[in-house]
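A look at the structure
Here's the letter readout for the chains.
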Amino acid sequence: EHLAQAHGLHPLQVQDCMEAEHLPKLEKTGNNLFLIFRLYDSNAPADAASVQEMTRKLAIFARNDFMLTIHRAPLSFHEDICEELESFKNMSMSVTTFLVMLARECVLTFEAPLVLAEKKLDSIEDHLGQIHHRHQSLFQLHLVRRRLANLKRLLWHTSTIVQRLNAQEDEQKVLLTDLRETVE
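If you're wondering where the values come from, they're calculated on a predicted model, not measured in any experiment.

1. Topic: the pairing of strand β1 (residues 25-29)
Here 5 bridges tie β1 to strand β2 (residues 32-40), and the two strands are oriented antiparallel to one another. Within β2, the position partnered with K28 by the bridge is L33. Linking β1 back to β2 in an antiparallel pair, the connection comprises 2 residues, with G30 at a positive phi of about 60 degrees.

In C-alpha cells:
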C-alpha cells in the first residue's frame with residue numbers, strides 16, 4: 001500500500017507484484033506500464049519442475065520519468081543493464097528500449113536449462129529401451145517433460161508480452177525484432 005501511494009502505482013498491480021506465483025504479464029494503465037517477467041534461477045535444484053521452483057519473478061513499474069524493479073534476489077544481469085541505462089541517458093534511451101533489453105536478458109536465462117533438459121530427455125528415452133531401467137526412466141521422463149512444458153509455458157507468456165511492446169524508433173525496432181526472434 002505504501003509503495004502504491006509513494007509512487008502513484010495501481011494497488012492491484014502492486015498486489016500482483018507481491019504474489020510469488022504470478023506468470024509473465026504486461027498491463028498498461030494510463031502512462032504507466034506494469035510488467036512481470038520470470039527468469040530461470042541458476043540456483044534451482046536439478047530436479048525442480050514447477051514454475052516457482054525453477055524461476056524467479058521480476059516485476060517492473062515504468063513510465064517515461066520513472067522505473068522501479070522489484071525482485072527478491074540480485075539478478076546476474078541487472079547491474080549491467082542499469083549501467084547501460086546510465087550510459088544511454090545522454091542519448092535519451094527510452095523506457096521501451098530499456099524494457100526490451102531487460103526482457104531479452106530474462107529470456108536468455110532459459111537457453112541453457114532448455115538445452116540441458118532436452119539432452120536429458122533424449123538420454124532417458126534411450127534408457128527406456130533397457131528393461132532393467134524402465135521404471136526409473138519413466139519417472140525421470142515425467143519430470144523432465146513437466147520441466148520442459150513449464151519452461152515453454154513461461155516463454156509463451158513472455159512472447160505475448162513482447163508482441164504487445166511497440167517500438168517507435170529504429171533502434172527500438174531492431175532490439176524488439178531481435179528479442180522476438182530470441183523468444184521464438
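Here the narrative resumes.
2. A few points about the pattern of salt bridges
This model, assessed by the stated rule, comprises 3 salt bridges. The closest approach of N and O atoms between K25 and E27, which form a salt bridge, is 2.6 Å. A relative accessible area of 15% means that K25 is categorised as buried. E27 gets classed as partly exposed once you look at its relative accessible area, which sits at 25%. R56 serves as the salt-bridge partner of D41, at 3.8 Å between the closest nitrogen and oxygen. Separated by 15 residues along the polypeptide, D41 in the loop between β2 and α3 (51-54) and R56 in strand β3 (residues 55-63) bring together distant segments of the chain. Judged by relative accessible area, which is 15%, D41 ranks as buried. Among the ionic contacts, a cluster of salt bridges with common partners joins D16, K25 and E27.

3. Some points on the nonpolar core
With 42 residues, the main nonpolar core has L35, I60 and L179 as its most contacted residues. Of all the secondary-structure elements, those providing two or more residues to this core are β2, α3, β3, α5 (95-108), α6 (111-128), α7 (134-164) and α8 (170-183). Excluding residues that lie within four positions of it along the chain, L35 makes contacts with K25, L26, L58, A59, I60, L99 and I161. Core analysis: the second largest hydrophobic core is formed by 10 residues, A4, C17, F61 and F66 among them.

4. What to know about the environment of D122
Within the fold, D122 resides in helix α6. Distance from D122 to L141, taken between C-alpha atoms, is 9.3 Å for residues 19 residues apart in sequence.

5. Side note on α5
In a regular helix each residue adds 1.5 Å, so 14 residues correspond to 20 Å; α5 covers 20 Å between its end C-alpha atoms and thus fits that length. Within α5, 11 of the 14 residues are buried, which leaves it mostly tucked inside the rest of the structure. Taken together, the buried positions of α5 are occupied by V95, T96, T97, F98, L99, V100, M101, L102, A103, C106 and V107.

What counts, and at which threshold
Residues numbered from 1 in each chain as written. Predicted model: local features only at pLDDT ≥ 70, side-chain atom pairs only at ≥ 80, totals over all residues. Heavy atoms only, no water. Pairing = 2+ DSSP bridges. Helix = DSSP H or I, 4+ residues; strand = E, 2+ residues; numbered from the N terminus. Salt bridge = Lys/Arg side-chain N within 4 Å of Asp/Glu carboxyl O. Buried < 20%, exposed > 50% of the residue type's maximum accessible area, 1.4 Å probe, protein only. Core = buried A, V, L, I, M, F, W, Y, C linked by side-chain atoms within 4.5 Å. Contact = heavy atoms within 4.5 Å. Expected span 1.5 Å × (residues − 1).

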